[in-house]
Amino acid sequence: MTVMIQVTDLNKRFTLHNQGGVSYPVLSNVTFEVSAGECVVLDGRSGSGKSTLLRSLYANYKPQSGQIHVRHEGELVDLVKAAPRQILSIRRQSLGYVSQFLRVIPRVSTLEVVMEPLRALGTDRETCREKAAGLLRELNIPEALWHLAPSTFSGGEQQRVNIARGLIVDYPIVLLDEPTASLDADNCAVVVSLIRQARARGAAIVGIFHDASLREQLADRRIPLASPAKEKAA
Amino acid sequence: MTNPAMAMTQEDLAEPLLKVSDLRKLYAPGKGVDGVDFELWPGEVLGIVGESGSGKTTLLQCLSGMLTPDSGRIEYTGKQGDLLDIYGISESQRRLLLRTDWGIVHQHPSAGLRMGVSAGANIGERLMAIGERHYGTLRSTGESWLREVEIDTARIDDLPRTFSGGMQQRLQIARNLVTQPRLVFMDEPTGGLDVSVQARLLDMLRNLVVDLGLSVVLVTHDLAVARLLSHRLMVMRGGKVVEQGLTDQILDDPQHPYSQLLVSSVLTP
């Protein structure tokens, strides 16, 4: 199976210069691969670096050393060394990310929010609208809300809009950071179904799920993370 | 992560649009621009952030051909692919560039508008400067741009001093974009405007940048504006660039002590 993500000897620490220079390591020599059609779940206690790793896979966080290769246009590209415009191109076409919370931009309607990533690929408005509508319907966002900006929506509604936006493009690689944290059981099931569909079409998926049963349902493989400090103590 | 959408540019330029090498312009030690290097590519919005006195406005003035640097080079790739040394070409060539291929949006609209002539005349000026004489064309272009920046076309013959601050700012944008520039310099484009007016203007800028494939150098002290509009950020302090990179990475995982200070100081409502 095609390798879509290849992480080699990844190290990440946080140094808080304005708080006495306290520095703590979070990721220590992390190495793993993810292939197309796999759903890999990051396992570990709170603070073990799961979100840090996921954000690093999106080039949102900057590692101190190591390589993060992702497949883009047939080649493996190292995100750690890539120029900003290349990273943006990779995010546009090959790398999707669903965060835990929706970042709201004033004045932009729910439909536009969801359509945007597909529009960015040059897809015509009508096709984008149809796909966005389909996803919003599946995620139980009433049509009456589609022309409103999501700023006044409930946390769960905002998150479902966020998920729709994150999945409207069929990214070859999908990163999910606690996508179901604010969702009820019914909507959770919808999201699980969407994730399974993505995997079925060959996406490589890396996810963090706080719910143990979700991890059971979705994981083809687990990657355990342990905080380096704890490792040292052990 | 919501990145500003980037225009898919048809041309695949092997050269960056703007290339700045070891730029210096100092008023006093640490005040001004003290050795700045960067490249700007087509369709990119580069945000320059930093506190007062960091040198960001001086940098913008040097970049936009308004202030001759002490040393260093600024090279611009023209429409025909020709590389121009901005301070190597003549004053009149620089002025032509500023009126056609480039735009400047000032913080105070009065600095970028002719307050004594009509809105329509403001928009038409750059077209006339490059030879457009046909009244009908000038009028219709004026009207279509007023629509584009959401100003009632009935105001085309009104003087800018009768407009609100937000409208004046939108007029300034229209005035600059009428010649389809490839590179626009903006200095605190939403500074001093009410928040609701700001939101509308930012929305417009976001869309125009993508629709027109603009490259932008944007100076702002407002990190929220930087996050919304820019693809890349440069953090300036004491005339130097202390950190640069992808906007969301700089704001979410700042490495340099000063970047960390800047980001942690921002209040979120």
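Note that the coordinates shown come from a computational prediction; the quantities given were computed from them, not determined experimentally. (Residues numbered from 1 in each chain as written. Chains lettered and ligands numbered in written order. Predicted model: local features only at pLDDT ≥ 70, side-chain atom pairs only at ≥ 80, totals over all residues. Heavy atoms only, no water.)

I tried to follow the pattern of salt bridges on my own but got confused; where do I start?
Close approach of charged atoms allows side chains of opposite charge to pair. Residue and element names in this part refer to chain B. Scanning the model with the defined rule gives 34 salt bridges over all chains in all. Across the pair K19 and E39 runs a salt bridge, and its minimum N-O distance is 3.7 Å. On the criterion of sequence distance, the pair formed by K19 in strand β1 (residues 18-28) and E39 in strand β2 (residues 31-40) is long-range, its members being 20 residues apart. Here K19 falls in the partly exposed class, since its relative accessible area comes to 31%. For D101, the salt bridge is made with R182, and the minimal N-O distance between the two is 3.3 Å. Here D101 is found in the loop between α2 (91-99) and β6 (102-105), whereas its partner R182 is found in the loop between α6 (165-177) and β7 (183-187), with 81 residues between them in sequence. Assessed through its relative accessible area of 6%, D101 is described here as buried. Among the residues examined, R182 registers a relative accessible area of 13% and is labelled buried. (Salt bridge = Lys/Arg side-chain N within 4 Å of Asp/Glu carboxyl O. Helix = DSSP H or I, 4+ residues; strand = E, 2+ residues; numbered from the N terminus. Buried < 20%, exposed > 50% of the residue type's maximum accessible area, 1.4 Å probe, protein only.)

Honestly, the interface of chain A and chain B in this entry has me stumped. Any pointers?
Interfaces are often sized by the amount of accessible area the parts lose when they come together. Taken together, the 30 residues of chain A in the interface contact 28 residues of chain B. The largest per-residue losses of area from chain A upon contact with chain B belong to R85, R103 and R107 of chain A, which jointly make up 23% of the total buried on that side. Here chain A is connected to chain B by five salt bridges. For R206 of chain B, the salt bridge goes to E116 of chain A, with nearest N and O atoms at 3.2 Å. At the boundary of chain A with chain B, the tally comes to twelve residue pairs in polar contact (both at pLDDT 80 or more). Elements represented by at least two residues in the side of chain A that touches chain B include exactly β1 (3-16) and α2 (84-93) of chain A. The biggest single contributor to the side of chain A that touches chain B is α2 of chain A, with six residues. Taken together, the residues of the side of chain A that touches chain B break down into 14 nonpolar, six polar and ten charged. (Contact = heavy atoms within 4.5 Å. Buried area = accessible area lost by both parts, 1.4 Å probe. Polar contact = N/O pair within 3.5 Å; in protein donor to acceptor, adjacent residues only side chain to side chain. Nonpolar A, V, L, I, M, F, W, Y, C, P; charged D, E, K, R; others polar.)

Before we go on, may I ask you to explain the sheet that holds strand β3 (residues 39-43) of chain A in this structure?
Strands pair in a sheet through their backbones, by hydrogen bonds, and they do so in one of two ways: parallel or antiparallel. Residues and elements named next belong to chain A. With respect to topology, five strands assemble into an open sheet ordered β6-β7-β8-β3-β9, the strand pairing being parallel. Since the sheet does not close on itself, it has two edges, and those belong to β6 (95-98) and β9 (221-224), each with one partner. For this sheet, the mean inter-axis angle between neighbouring strands, taken without regard to orientation, is 20 degrees. Of the pairings in the sheet, the one linking strand β7 (residues 173-177) to strand β8 (residues 204-208) comprises five bridges and is parallel in character. (Pairing = 2+ DSSP bridges. Axes fitted to C-alpha atoms, helices over the stretch in contact; angles between N-to-C directions.)

Which parts of the structure should I look at to understand unusual backbone geometry?
In terms of backbone geometry, most residues other than glycine have negative phi values and most peptide bonds are trans. If you check the backbone angles, N140 of chain A has positive phi at about 60 degrees while not being a glycine. Secondary-structure assignment places N140 of chain A in the loop between α4 (125-138) and α5 (155-167). Assessed through its relative accessible area of 43%, N140 of chain A is described here as partly exposed. Although it is not a glycine, Q180 of chain B adopts a positive phi angle of roughly 50 degrees.

Explain the environment of I89 of chain B to me, please; I cannot follow it from the model alone.
Its location among the elements puts I89 of chain B in the loop between β5 (83-85) and α2. For I89 of chain B, a relative accessible area of 14% corresponds to the buried category.

For this particular structure, what's the right way to read the nonpolar core?
As a rule of thumb, nonpolar side chains are buried together in soluble globular proteins. L136, V161, I163 and I205 of chain A together with L171 and V216 of chain B are the most contacted members of the largest nonpolar core, which totals 78 residues. Here the element with the most residues in this core is helix α6 (residues 185-200) of chain A; it accounts for seven residues. Once you skip the residues sitting within four places of it in the chain, L171 of chain B turns out to touch L113, A119, N122, I123, L146, I151, P160 and F163 of chain B. If you look at the next biggest cluster of nonpolar residues, it comprises 38 residues, including F32, L42, A59 and I208 of chain A. (Core = buried A, V, L, I, M, F, W, Y, C linked by side-chain atoms within 4.5 Å.)

Could you clarify how one ought to interpret the packing of aromatic side chains in this entry?
In this description, a pair of aromatic rings is defined by centroid distance and the angle of the planes. On inspection of all chains with the given rule, the structure shows five aromatic pairs over all chains. Geometrically, the ring pair formed by W102 of chain B and F185 of chain B is edge-to-face, given 5.2 Å between the ring centres and 75 degrees between the ring planes. In this pair, W102 of chain B sits in strand β6 while F185 of chain B sits in strand β7, placing the two residues 83 residues apart along the sequence. The pair formed by W102 of chain B and F185 of chain B is uniform in burial state, with each residue classed as buried. Through successive ring pairs, a cluster of aromatic residues spans F14, Y24 and Y61 of chain A. (Phe/Tyr/Trp six-rings, centres within 6.5 Å; stacked < 30°, edge-to-face > 60°.)

Got a minute to help me understand the pairing of β8 of chain A in this structure?
Sheet faces and side chains relate simply in a regular strand, where the side chains alternate between the two faces. Residue and element names in this part refer to chain A. Of all five residues in β8, five are buried; the element is thus mostly enclosed. With burial as the criterion, each face of β8 is covered, one bearing A204, V206 and I208 and the other bearing I205 and G207. Where β3 and β8 come together, three bridges link them in parallel fashion. Pairing of V40 across the sheet is with V206, part of β8.

What is the right way to read α6 of chain A from this model?
Because an α-helix completes one turn every 3.6 residues, residues spaced three or four positions apart along the sequence face the same direction. Residue and element names in this part refer to chain A. When the terminal C-alpha atoms of α6 are compared, their 22 Å separation across 16 residues agrees well with the 22 Å that a helix rising 1.5 Å per residue should span. Turning to α6, its buried residues are N187, C188, V190, V191, V192, L194, I195, A198 and R199. Packed against the buried residues of α6 are β3, α4, α5, β7, β8 and α7 (212-218). Looking at the residues trailing α6, positive phi occurs at G202, about 100 degrees. (Expected span 1.5 Å × (residues − 1).)

Would you explain the packing of helix α3 (residues 110-119) of chain A against α4 of chain A in this entry?
Between two packed helices, both the angle of their axes relative to each other and the distance between the axes serve to describe the pair. Residues and elements named next belong to chain A. Orientation of α3 relative to α4, taken along the N-to-C sense of each, is 120 degrees, at an axis distance of 9 Å. If you check the angle between α3 and α4, you find them oblique. Handedness of the crossing formed by α3 with α4: right-handed. Across from T110, L111, E112, V114, M115, L118 and R119 in α3, the residues of α4 making contact are R125, C128, R129, K131, A132, A133 and L136. For the contact of α3 with α4, a count of residues per class yields eight nonpolar, one polar and five charged. (Parallel < 35°, antiparallel > 145°, perpendicular 65-115°, else oblique. Left-handed = near helix turned anticlockwise from the far one by under 90°.)

All quantities given are derived from atomic positions and should not be read as evidence of function.
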